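# Analysis of the macromolecular model
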Amino acid sequence: MPTTAQESAKDLEYYTRALKAPRIRDAAAKLAEQARAEAWTHEDYLAAVLAREVAAREASGANIRTRAAGFPARKTLTDFNFDHQIAADRGQIHRLAAGAYLAEAGNIVLLGPPGTGKTHLATALGITAAEHGTRVLFDTATGWVTRLSAAHAIGKLPTELRRLRRYGLLVIDEVGYLPFEAEAANLFFQLVASRYEHASIILTSNLPFSRWGEVFGDQAVAAAMIDRIVHHAEVITLKGASYRLRHTEIETLPSATAENQAH
Ligand code: ADP
Ligand code: MG
């Protein structure tokens, strides 16, 4: 064992470089002073150093997963105004954010008219999942079909579906804005079917399930898909006016009044 503080520092430098863990070296030096001052046990000191490293690794893992997920914007549950969207129960959303559904390969479906917060909540739940250690990918329904078409075109659809199953959560945004051709509907169905009881989906749509037949051009395909999605799912139907337009209404009122007076 080294005898001097200088030798110890050199050894620490060497071993933490070998471990590629410079933060351990820094934490070890910093906490050593505190440990001596407060007479910590050796075990307490080692635990405190390792706890710092674990916290830092978890934080950077969360950042990497969040960036890799491809969210369109950073939206969080803290930014979400639950008073504006009474159809989203704060308790329910926070319980979902805790992530039990991910372990059970359950799904979340967010329905409702444009601007009611579907993408916001889907993103916020996706970010929470990524922070808690789940691999997440976000794309629109059209985006997913484009990815799958590309894989299908080179005969790699099964490989791609298998690869995607390694993601604990896929967010599929905006089902229903664009109708699918038969080929696209079939690819989308395969995506849903391949995740059924294996891995989770958060899906958003502006259309109620009763109108999905129009999106997929086929009632039977739509019904088979809905069946698999909702079997283990929480379905939340958002309501109300668009959050995007909430200020516009107020601003247009005076000019409407002025117009009325002019006539
Ligand atoms: P949707 O996907 O339902 O069309 P978005 O989630 O994109 O709607 O919401 C539109 C905009 O309004 C986004 O910028 C979103 O962050 C914001 N927004 C919607 N609802 C709320 C809310 N209840 N609290 C805070 N921001 C909201
Ligand atoms: Mg949206």
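Residues numbered from 1 in each chain as written. Chains lettered and ligands numbered in written order. Predicted model: local features only at pLDDT ≥ 70, side-chain atom pairs only at ≥ 80, totals over all residues. Heavy atoms only, no water.

As recorded by an unreviewed UniProt entry, the protein chain carries the name AAA family ATPase and is attributed to Georgenia subflava. Looking at the protein chain in UniProt, the text filed under Sequence similarities (unreviewed entry) is "Belongs to the IS21/IS1162 putative ATP-binding protein family." (UniProt positions renumbered as here; feature names shortened; annotations may be inferred.)

The sheet built from 5 strands is open, its strands ordered β2-β3-β4-β1-β5 with parallel pairing. The two strands at the open ends of the sheet, each matched to only one other strand, are β2 (136–140) and β5 (233–237). The average angle at which neighbouring strand axes cross in this sheet is 10°, direction not considered. In this structure, strand β1 (residues 107–111) lies alongside β5, joined through 5 bridges in parallel fashion. (Pairing = 2+ DSSP bridges. Helix = DSSP H or I, 4+ residues; strand = E, 2+ residues; numbered from the N terminus. Axes fitted to C-alpha atoms, helices over the stretch in contact; angles between N-to-C directions.)

Let us look at the domain arrangement of the protein chain. If you check the domain split of the protein chain, you get domain 1 (5–65) and domain 2 (90–245). Taking only C-alpha atoms, the centre of domain 1 and the centre of domain 2 are 42 Å apart. (Domains from an automatic or database assignment.)

Turning to the site of ligand 1, a few remarks are in order. Around ligand 1, the structure places 15 residues, and the nearest of them are Asn 81, Gly 115, Lys 118, Thr 119 and His 120. Interatomic distance of 2.7 Å between a backbone N/O atom of Gly 115 and an oxygen atom of ligand 1. Measuring from an oxygen atom of ligand 1, one finds a side-chain N or O atom of Arg 244 at 3.1 Å. Within the complex, 87% of the 550 Å² of free accessible area of ligand 1 lies under protein. According to the grid-proximity analysis, the pocket containing ligand 1 is the largest pocket. When grouped by side-chain class, the residues that make up the shell around ligand 1 number 4 nonpolar, 7 polar and 4 charged. (Near = heavy atom within 4 Å. Polar contact = N/O pair within 3.5 Å; in protein donor to acceptor, adjacent residues only side chain to side chain. Areas by Shrake-Rupley, 256 points an atom, 1.4 Å probe, with all protein chains shown as cover. 1 Å grid on protein atoms, 1.4 Å probe; cavity = no way out; pocket = protein on both sides within 12 Å on 5 of 7 lines; lining within 4 Å. Sits in = over half its atoms within 2 Å of the grid points. Nonpolar A, V, L, I, M, F, W, Y, C, P; charged D, E, K, R; others polar.)

Looking now at the packing of aromatic side chains. Across all of its chains, the model carries 8 aromatic pairs by this definition. Ring centres of Phe 71 and Phe 138 lie 5.9 Å apart, and the angle between their planes is 65°; this geometry places the pair in the edge-to-face category. Of this pair, Phe 71 sits in the loop between α3 (42–69) and α4 (90–97) while Phe 138 sits in strand β2, and the two are 67 residues apart along the sequence. For the pair Phe 71 and Phe 138, one class covers both residues: buried. (Phe/Tyr/Trp six-rings, centres within 6.5 Å; stacked < 30°, edge-to-face > 60°. Buried < 20%, exposed > 50% of the residue type's maximum accessible area, 1.4 Å probe, protein only.)

The next subject is the pattern of salt bridges. Under the defined criterion, the tally for this structure stands at 10 salt bridges. A salt bridge links Arg 17 to Glu 13; its shortest N-O distance comes to 3.4 Å. Taken as a pair, Arg 17 and Glu 13 lie in helix α1 (residues 5–18) at a separation of 4 residues, close to a single helical turn. Residue classification places Glu 13 among the partly exposed residues on the basis of a relative accessible area of 28%. In this structure, the salt-bridge partner of Arg 95 is Glu 234, at a minimum N-O distance of 3.1 Å. Of this pair, Arg 95 sits in helix α4 while Glu 234 is found in strand β5, placing the two residues 139 residues apart along the sequence. Looking at Arg 95, the relative accessible area reads 47%, which means it is partly exposed. Connected via shared salt-bridge partners are Glu 13, Arg 17, Arg 25 and Asp 26. (Salt bridge = Lys/Arg side-chain N within 4 Å of Asp/Glu carboxyl O.)

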